[in-house]
Amino acid sequence: MTFIVASIVERSVSGVSRSSKKAFSLGADLVEVRLDLMEIDRIDTDFMARIRMAVKGPAIATLRSYKEGGASRLTKAARRKALKAILRAGFEYIDLELESDADLLKEIKKTRTRPEIIASSHFTRPVKAREAETRLRRACKAGDIGKVAMPCEDAGQALMLSAISMKFSMNGERFTLIGMGEQGRMTRVCVRQMGSSMVYCCMPGKPAAPGQLDLRTQLSLYRRDKVVLGLIGHPVSHSVSQPMQEAALARSGLIGAYLHLDVPPKNLDREILERFRSLGFKGLNVTIPHKKNVHSLCDRLGPSALATGAVNTVRFEASRIYGENTDVIGLTRMIEGKIRISPDDSALIVGAGGAARSAAYVLSHLGADVTVAARSLKKAKDVASMVDGHALPLPLEGKCHSYDIVVNCTPMGTKSSGGRIPIPARVFKKGTILFDLVYNPPMTKSMKIAISREAKAVNGLDMLVHQGAQSFRIWTSKEPDVRAMSRAAKGALR
Ligand code: NAP
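Note on numbering: residues in each chain are counted from 1, in written sequence order. The predicted origin of the model limits local features to residues at a pLDDT of at least 70 and limits the giving and counting of side-chain atom pairs to 80 or more, whereas totals for whole chains, interfaces and linings rest on all residues. Hydrogen atoms and water are omitted, and side-chain values are computed over all heavy atoms in the structure.

**So, the site of the ligand**
Line of reasoning, step 1. Close to the ligand lie 23 residues, the nearest being Ala352, Gly354, Ala355, Lys379 and Gly460.
Line of reasoning, step 2. Contact between the ligand and Ala355: an oxygen atom at 2.7 Å from a main-chain N or O atom of the residue.
Line of reasoning, step 3. At 2.9 Å from an oxygen atom of the ligand is found a side-chain nitrogen or oxygen belonging to Arg375.
Line of reasoning, step 4. Accessibility throughout is a Shrake-Rupley quantity obtained with a 1.4 Å probe, and a residue counts as covered only by protein chains that appear here. Expressed as a share of its isolated accessible area of 930 Å², the protein-covered part of the ligand is 84%.
Line of reasoning, step 5. Secondary structure counts use DSSP, requiring at least four H or I residues in a row for a helix and at least two E residues in a row for a strand, with both numbered from the N terminus. For the shell around the ligand, the secondary-structure elements that each account for two or more residues are α15 (354–365) and α18 (461–476).
Line of reasoning, step 6. If one sorts the elements of the shell around the ligand by residue count, α18 sits on top with three residues.
Line of reasoning, step 7. Note on residue classes: Ala, Val, Leu, Ile, Met, Phe, Trp, Tyr, Cys and Pro are nonpolar, Asp, Glu, Lys and Arg are charged, and everything else, Gly too, is polar. Residue classes in the shell around the ligand are distributed as 12 nonpolar, seven polar and four charged.
Line of reasoning, step 8. Each domain span listed reflects an automatic or database assignment of domains. For the shell around the ligand, the domains that each give at least three residues are domain 2 (227–328 + 465–493) and domain 3 (338–460). In these notes, residues near a molecule or strand are those with any non-hydrogen atom within 4 Å of it. Residues adjacent in sequence count toward polar contacts only when both atoms are side-chain atoms; beyond that, a polar contact is any pair of N or O atoms within 3.5 Å, and within protein one must be able to donate a hydrogen and the other to accept it.

What follows is the structure, given as structure tokens:
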């Protein structure tokens, strides 16, 4: 059983009273009063009595020190005095810090009439598993409940915390191990599987820590039948798949979450996929640069994955991993909606990764004569050979003519990419159509160049929506509201 704890971030006693009342009415098991974030002159017995009276339910009193990420800058002696006042106020729980409050922790652990002690510790940077585990063990020993928080920079670090949690849970420990920030959010969404004793969340718009979910979301995600999905890639921050897929979940009446999971290439292996499965993930989308590698990690492949050698959608089945490539249907829908391809149309595909494989497959099936250009001629040849196409090395300057269709299958043009655009202006002529798979920003540099040469230009948003809709069908066997997905994706780009 995990207690859902609503952190109360309010400046005044009346604010604490209002917010805690609301938290309990919504279904919080406990509230945490963040005393360090309140506007108060002195924490003494009188003040603590007022606070305790204001909270009509079980509560944790927390006076987070500046050193541990809070706002309290009291001296050692003043902190000790304040904590003594808090101890007398009749709270069910008190948060004491493993380092700052070491003496007090020892002193009161043996007392009989005292609140339950949450012994807490906060890393300021990600640490290795051994260090996180040792710290949690110390915290569990020092208090009744051990609490450790660590910022997560990638999904592997959050998975590491989840694995430690599962181990502590199996040993019957009372603890909470939290991943901070967007990459740590998994430790909040999957808290049931992790077996934590508590999960902290916030009142709307008032987070007490980075990555906290709001109370309603946290409560709904505690359900056993929630649908947890995600996007693995590196980088993933530019993606708008999260609002798009969460809109599809909501419109289908499903409770769930879609997480952007940064997985650096060196970390991608079968074990990491299995860890997502053990946390209850139903499936994943796969993006740059993992599509080809994930293809080799699946047990069973769908027809488009078999045809292209790339996987962008994973479904976790009872004991197997199923992989399919929904970029193929996404691209087909996007192209069919815009042009009719004739057999002598020439198509240039720039890039030789997972998306390029889909583009080569789709365009050649629609009848175009395909040329693949990539930084590595070997990779370009590899993709071109799938469809009896031609291969060229990048850069193309001086080596190329114009094409009827151009598809950018590189990340160049993405908001964060910077650098030189690999598509020279000369490939565009009047009537050429450019499909830039990049959609963030909606108007890329390549699109501007194409338009200036009287070519047409389309970004990758339509494709994103259609590939996402097909992934959703694979995960849930439900028909998604494609319009709502499109609206959500466009809204996120604004
Ligand atoms: P991928 O498998 O990692 O392939 C990326 C390709 O881009 C590789 O061929 C890579 O070459 C090339 N590349 C990277 N940086 C380059 C540069 N500076 N100059 C020239 N080539 C460069 O990734 P992917 O999954 O195919 O995705 C490619 C792009 O399409 C991403 O931006 C992705 O977000 C987008 N995409 C959009 C949709 C959509 O629905 N709109 C769907 C799929 C993909 P090397 O092999 O030499 O590194």
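So that's the structure; there's more coming.
**Points about the pattern of salt bridges**
Line of reasoning, step 1. A carboxyl oxygen of Asp or Glu within 4 Å of a side-chain nitrogen of Lys or Arg is what we treat as a salt bridge. Enumeration over the complete set of coordinates arrives at 32 salt bridges.
Line of reasoning, step 2. What you see here is one network of salt bridges that share partners, running through Arg64, Arg79, Asp95, Glu97 and Asp101.

**Focus: the pairing of strand β2 (residues 30–34)**
Line of reasoning, step 1. Counting buried residues along β2, five of its five residues qualify, which places the element largely inside the surrounding structure.
Line of reasoning, step 2. Of the two faces of β2, both are covered, the one formed by Leu30, Glu32 and Arg34 as well as the one formed by Val31 and Val33.
Line of reasoning, step 3. Between any two strands, pairing holds if DSSP finds at least two bridges. With four bridges joining them, strand β1 (residues 3–8) and β2 adopt parallel strand pairing. Across the sheet, the residue bridging to Ala6 is Val31, located in β2.
Line of reasoning, step 4. Look down the strands so they point away from you; if the path from the first strand over the helix to the second goes clockwise, the crossover is right-handed. A crossover links β1 with its parallel partner β2, the connecting element being helix α1 (residues 13–26), and its sense is right-handed. Only protein chains enter the accessibility calculation, which uses a 1.4 Å probe; a residue is then buried when its area is under 20% of its type maximum, exposed when over 50%, and partly exposed in between.

**With respect to the domain arrangement of the protein**
Line of reasoning, step 1. Once the domains are mapped, the protein shows domain 1 (3–220), domain 2 (227–328 + 465–493) and domain 3 (338–460).
Line of reasoning, step 2. Taking the mean C-alpha position of each, domain 1 and domain 2 sit 33 Å from one another.
Line of reasoning, step 3. In this analysis, two residues are considered to be in contact whenever any of their non-hydrogen atoms come within 4.5 Å of each other. Between domain 1 and domain 2, the residue contacts involve 18 residues of the former and 19 residues of the latter.
Line of reasoning, step 4. Applying the counting rule to domain 1 against domain 2 returns zero salt bridges.
Line of reasoning, step 5. Elements supplying a minimum of two residues to the side of domain 1 that touches domain 2: α6 (155–170), α7 (186–189) and α8 (191–194).
Line of reasoning, step 6. A per-element tally of the side of domain 1 that touches domain 2 places α6 first, with seven residues.
Line of reasoning, step 7. In terms of residue class, the side of domain 1 that touches domain 2 is made up of nine nonpolar, five polar and four charged.

**Things to note about the sheet that holds strand β4 (residues 93–97)**
Line of reasoning, step 1. Strand order in the open sheet formed by eight strands is β7-β6-β5-β4-β3-β2-β1-β8, with parallel pairing between adjacent strands. Of all the strands in the sheet, the pair left with one neighbour each is β7 (175–180) and β8 (198–202). When the angles between neighbouring strand axes are averaged without regard to direction, this sheet yields 25°.
Line of reasoning, step 2. With five bridges connecting them, strand β5 (residues 116–122) and strand β6 (residues 145–151) associate as parallel partners. Each residue of the ladder has a partner; that of His122, found in β6, is Ala149.
Line of reasoning, step 3. Only the contacting stretch of a helix is used when fitting its axis, a line to C-alpha atoms as for every element, and angles between N-to-C directions run 0 to 180 degrees. The strands that helix α4 (residues 102–109) touches are β4 and β5; relative to β4, the one it contacts most, it runs at about 140°.
Line of reasoning, step 4. Contacting β5, β6 and β7, helix α5 (residues 129–142) crosses the sheet at an angle of about 150° to β6.

**What about the sheet that holds strand β19 (residues 433–436)?**
Line of reasoning, step 1. Read across the sheet, six strands follow the order β17-β16-β15-β18-β19-β20 without closing on themselves; strand pairing throughout is parallel. Each end of this open sheet is capped by a strand with a single partner; those strands are β17 (390–393) and β20 (456–459). Along the sheet, successive strands turn relative to each other by an average axial angle of 20°, direction set aside.
Line of reasoning, step 2. Here helix α16 (residues 377–385) sits on the sheet in contact with β16 (369–374) and β17, set at roughly 165° to β17.

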